[in-house]
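Here is how the chains run, residue by residue.
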Amino acid sequence: QTLPASTKERIEALAHALQVENSSHLYDVKHLWSNPIVSRLNELYANNQRVSEEYMHKVLDLSTELMYSFPNIVDVQLHQDPVTNEKTGTLNICGDTHGQYDDFTQIFGDAIGGAPSESNRFLFNGDIADRGPKAIEIFTTLLTMKLINPNAIHILRGNHETKEMTNSYGFRAEVLKKYGPTTLEKFHKFFTSLPFGAVAEKMMFVVHGGLGPQSVHLTIDEINRINRRQDGDNNEVVEEFLWADPRD
């Protein structure tokens, strides 16, 4: 498989920062869970070890850059067979994981979602941060896979992916305990890069919260014109997408 140069560069940067040996398997973007970089992460976390601060910063910097290349409302598609052009595979939509790393890994077991891959895609609908003790491990795993195959893993912003919420509900303390203020600042910047909605297979509109009076009549194009880099934290439409609860 011929990979875009940007993807190869990201994979090589991750492998170098995590000290994973260069091999042809590094470039296997179809089977994410068995990719050597992801396998190394899983091994470290299974033994209650941490990745280096260098790796954390590399993942966050690359992810922030990549996320800003996506619109506010991401177009999420099933895998398309390159020969027949038929849509195949599965899209799994997952809710709050809130720092529960052990539960998070169960999602990728055969009994629930199965291993993430080119044909078995995942959309995580926000609220990864806070409450549980291992949100960093979840973010690092998801972002590593996203950087290797941007089409297979999608991550949206929830109301807990904000500076204010993480100050109060545990994620700030987790980051400062495991790494430090520089890493925390990189997470804050990363949060603003996250898209806050998705359209799945042109059939389903997905946001963490819901719709409200400011957003219900907007088109996708109008939503995409919001500059989330500048005013994503101070926009009534974004606030509804992150916070609004469904009502009868």
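Everything that follows concerns the structure shown earlier in this document.
Residues numbered from 1 in each chain as written. Predicted model: local features only at pLDDT ≥ 70, side-chain atom pairs only at ≥ 80, totals over all residues. Heavy atoms only, no water.

Q: I tried to follow the sheet that holds strand β5 (residues 120-124) on my own but got confused; where do I start?
A: Within a sheet, neighbouring strands are paired by backbone hydrogen bonds and run either parallel or antiparallel to one another. One open sheet accounts for three strands, arranged β4-β5-β6; its pairing is parallel. Each having just a single partner strand, β4 (90-94) and β6 (153-155) make up the two edges of the open sheet. Sheet twist, expressed as the mean angle between neighbouring strand axes with direction ignored, is 15°. As judged from the five bridges shared by β4 and β5, these two strands associate in the parallel manner. (Pairing = 2+ DSSP bridges. Helix = DSSP H or I, 4+ residues; strand = E, 2+ residues; numbered from the N terminus. Axes fitted to C-alpha atoms, helices over the stretch in contact; angles between N-to-C directions.)

Q: When you look at the packing of aromatic side chains in this model, what are you seeing that I'm missing?
A: Given two aromatic rings, their pairing is described by the distance between the two centres and the angle made by the two planes. Summed over the entire model, instances satisfying the criterion amount to 18 aromatic pairs. Taking the centre distance of 5.9 Å and the plane angle of 55° together, the rings of F104 and F124 count as tilted. With F104 in helix α4 (residues 101-106) and F124 in strand β5, this residue pair connects regions lying 20 residues apart in the sequence. Among the residues examined, F104 registers a relative accessible area of 1% and is labelled buried. The class of F124 is buried, set by a relative accessible area of 1%. Summarising the aromatic geometry, the rings of F108 and F122 are spaced 4.9 Å apart at their centres and angled 80° between planes, so their arrangement reads as edge-to-face. Remark: F122 occurs in strand β5 and F108 occurs in the loop between α4 and β5; sequence separation between them is 14 residues. F108 sits in the buried class, given a relative accessible area of 4%. Put simply, the rings of W33, Y45, Y101, F104, F108, F122 and F124 pair up and form one aromatic cluster. (Phe/Tyr/Trp six-rings, centres within 6.5 Å; stacked < 30°, edge-to-face > 60°. Buried < 20%, exposed > 50% of the residue type's maximum accessible area, 1.4 Å probe, protein only.)

Q: For this particular structure, what's the right way to read the environment of T88?
A: Among the structural elements, T88 can be located in strand β3 (residues 87-88). The class of T88 is partly exposed, set by a relative accessible area of 27%. Expressed as a C-alpha distance, the spacing of T88 and Q77, which sit 11 residues apart in the sequence, is 9.9 Å. Dropping the residues within four chain positions of it, T88 is found in contact with L78, H79 and S119. (Contact = heavy atoms within 4.5 Å.)

Q: Before we go on, may I ask you to explain the environment of S69 in this structure?
A: Topologically, S69 is positioned in the loop between α3 (53-67) and β1 (73-76). For the pair S69 and V38, spaced 31 residues apart in the sequence, the C-alpha separation amounts to 23 Å. In terms of polar contacts, S69 uses its side chain to reach the backbone carbonyl oxygen of L66, at 2.4 Å. (Polar contact = N/O pair within 3.5 Å; in protein donor to acceptor, adjacent residues only side chain to side chain.)

Q: Would you mind showing me how to read the pattern of salt bridges here?
A: A side chain with one charge can pair with a side chain of the opposite charge if their charged atoms come near. Going through the model one piece at a time under the given rule, you end up with seven salt bridges. Between E201 and K87 there is a salt bridge, with its nearest N and O atoms 3.1 Å apart. Highlighted residues: E201 in the loop between β7 (197-200) and β8 (204-206) and K87 in strand β3, separated in sequence by 114 residues. Residue classification places K87 among the partly exposed positions, given a relative accessible area of 37%. Connected through shared salt-bridge partners, E137, E174 and K178 make up one network. (Salt bridge = Lys/Arg side-chain N within 4 Å of Asp/Glu carboxyl O.)

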